[in-house]
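Reading the structure
In case you want the letters, here they are:
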Amino acid sequence: IVEIPVLGDGKLFSPKLAASVVNDEILDYVGLAHQMLADPYWPNKVKAGKTEDIVPCVGCNECLLAGFSGKHYYCAVNPTCYAEQEFALPKPDGSKRSILVIGGGPAGMEAAITARRRGWDVELWEKEDRLGGTLWPAGGPDFKADVLKMIKYLETQCYKLGVDVRLNKKATIENIGRGSYDKVILASGSSPSVPPIRGIEYTIPVSDYLTHKVKAGKRVVIIGGGLAGTEAACDIAPNAESVTIVEMMPDILYTAANCLNNDQQLRNMVRDRGVKVKADAKVINITSDRITYEKDGESFSIPYDTIFNAAGFKSSNELEDPLEGFYDNVTVIGDAVSPRKILNAVHEAYHAIRVMESE
């Protein structure tokens with residue numbers, strides 16, 4: 001027991017948790033850091049009882065990556081961080097604009113929310129029966145559950161602000177030209193890449209595991225050691241007998257632009273959870289129970305009972321050209337441009353609407 005005031009921090013951004021540690025006299029003060037970059041109005045929203053309006057920190061450490069790179073801090077989920085005046089959203093001026101957003105992932109929802117905040121009419125089409133897009137697999141591992149809070153926040157804002165959300169509505173060449181829209185945002189995301197490997201049909205998209213559609217067996221092989229593959233491997237390992245990543249690049253996470261903190265922690269997790277890594281290895285054949293790869297001129301095989309394809313994603317932007325044939329103002333954002341990060345999706349969506357002329 002100490003007799004001086006105690007301040008503590010570290011992921012205390014849940015209002016209920018923050019209140020409990022003070023009420024239980026564990027702390028006298030709660031310190032917030034990353035959360036205040038995500039939403040500097042956190043205290044005011046908590047005080048007003050509007051906790052559903054708090055932009056959640058997803059723990060991505062993009063802020064640290066910016067700082068360590070010699071830039072001003074920025075935030076994946078707050079496009080105006082450190083640029084509050086420069087990137088301020090124009091206030092509603094009574095103008096009437098009609099916006100169609102195709103895709104209900106983070107990019108699509110952010111675009112729809114931003115357009116409504118400018119006072120414009122918005123339709124959002126999502127082909128699935130729920131909003132969230134690739135945030136669902138991104139938040140699938142137990143150690144990344146904070147990402148799922150972003151889905152809840154964006155979804156809540158869409159409905160609170162009056163976005164006309166149309167689930168199970170797939171955009172097609174036949175129906176995209178039937179409306180009259182001043183702007184179309186193509187935020188159709190990405191889909192798993194399928195590499196030309198003999199027997200690739202035996203694999204399961206790793207996103208199916210990360211969204212809890214399938215379970216992993218005891219002997220697991222993952223093709224691809226990027227972010228999704230490595231995170232899935234770490235999530236599977238505690239309940240498996242063996243997990244092996246086969247990666248054709250010289251190392252796992254080779255092209256992932258992670259904050260050094262994230263990279264180190266994920267590599268430590270790979271080591272501590274016993275995930276095996278076969279890097280600089282090319283898969284040449286897959287059968288129903290065995291994968292064969294080449295490394296240093298030799299062939300090796302690994303038996304498995306579950307095999308996942310984590311060989312990356314490709315943009316789902318097939319509608320871009322047809323849309324431009326119907327509408328003068330079309331903007332492609334997020335993974336529909338190229339598969340990248342939450343930051344790219346949210347920032348591109350916000351700015352696509354911010355820079356629009358009223359008339």
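First, a word on what this report is: a plain description of the structure on this page. (Residues numbered from 1 in each chain as written. Predicted model: local features only at pLDDT ≥ 70, side-chain atom pairs only at ≥ 80, totals over all residues. Heavy atoms only, no water.)

Structural notes on the layout of surface pockets
Taking a probe equal in size to a water molecule and rolling it over the atoms shows the remaining empty space. When its volume is computed, the second largest pocket comes out at roughly 570 Å³. Y41, N78, T80, R117 and Y350 are the residues nearest the centre of the second largest pocket, which is lined by 19 residues in total. Broken down by element, the lining of the second largest pocket gets its largest block of residues, three residues, from helix α5 (residues 106–117). (1 Å grid on protein atoms, 1.4 Å probe; cavity = no way out; pocket = protein on both sides within 12 Å on 5 of 7 lines; lining within 4 Å. Points joined across faces, edges and corners; volume = space filled by probe spheres on them. Helix = DSSP H or I, 4+ residues; strand = E, 2+ residues; numbered from the N terminus.)

A closer look at empty space enclosed by the protein
For the structure shown, the criterion picks out two cavities of 30 Å³ or more. Considering only enclosed or pocket space, the largest cavity measures out at about 90 Å³ in volume. Lining the largest cavity are 14 residues; nearest its centre among them are C57, C60, C63, C75 and A76. Breaking the lining of the largest cavity down by element, the ones donating at least two residues are α2 (34–38) and α4 (62–68). Ranked by the residues each element gives to the lining of the largest cavity, the list is headed by α2, at three residues. Residues that form the lining of the largest cavity fall into these classes: ten nonpolar, three polar and one charged. If you add up the space inside the second largest cavity, you get close to 30 Å³. (Nonpolar A, V, L, I, M, F, W, Y, C, P; charged D, E, K, R; others polar.)

Some remarks on the environment of N329
Position of N329 relative to the elements: it lies in the loop between α11 (320–326) and β17 (330–332). Residue classification places N329 among the partly exposed residues on the basis of a relative accessible area of 27%. If we ignore the near neighbours within four places in the chain, the residues touching N329 are D182, K183 and V184. Reaching out from N329, the side chain makes a polar contact with the side chain of K183 at a distance of 2.6 Å. (Buried < 20%, exposed > 50% of the residue type's maximum accessible area, 1.4 Å probe, protein only. Contact = heavy atoms within 4.5 Å. Polar contact = N/O pair within 3.5 Å; in protein donor to acceptor, adjacent residues only side chain to side chain.)

Considerations on the sheet that holds strand β11 (residues 276–278)
Sheet strands pair via backbone hydrogen bonds, and the direction of the pair is either parallel or antiparallel. Across the sheet, five strands lie side by side as β8-β15-β9-β10-β11; this open sheet has parallel pairing. Only two strands of the sheet have a single neighbouring strand rather than two, namely β8 (204–205) and β11. Summarising the sheet, strand β9 (residues 219–223) and strand β15 (residues 306–309) pair through four bridges and their orientation is parallel. Note that in β15 the partner of I223 across the bridge is N309. (Pairing = 2+ DSSP bridges.)

Considerations on the pattern of salt bridges
Oppositely charged side chains may form a pair once their charged atoms are brought near each other. Evaluated as defined, the whole model comprises 14 salt bridges. A salt bridge links R166 to E123; the shortest N-O distance between them is 3.4 Å. Note that R166 is positioned in strand β5 (residues 164–167) and E123 in strand β4 (residues 121–126), a separation of 43 residues in sequence. Look at R166 and you get partly exposed, because its relative accessible area is 30%. Relative accessible area serves as the criterion here: at 16%, E123 is assigned to the buried category. Between E348 and R340 there is a salt bridge whose closest N-O contact spans 2.6 Å. Classification of R340 by relative accessible area gives partly exposed; the value is 33%. One network of salt bridges, with partners in common, ties together K11, D146 and K149. (Salt bridge = Lys/Arg side-chain N within 4 Å of Asp/Glu carboxyl O.)

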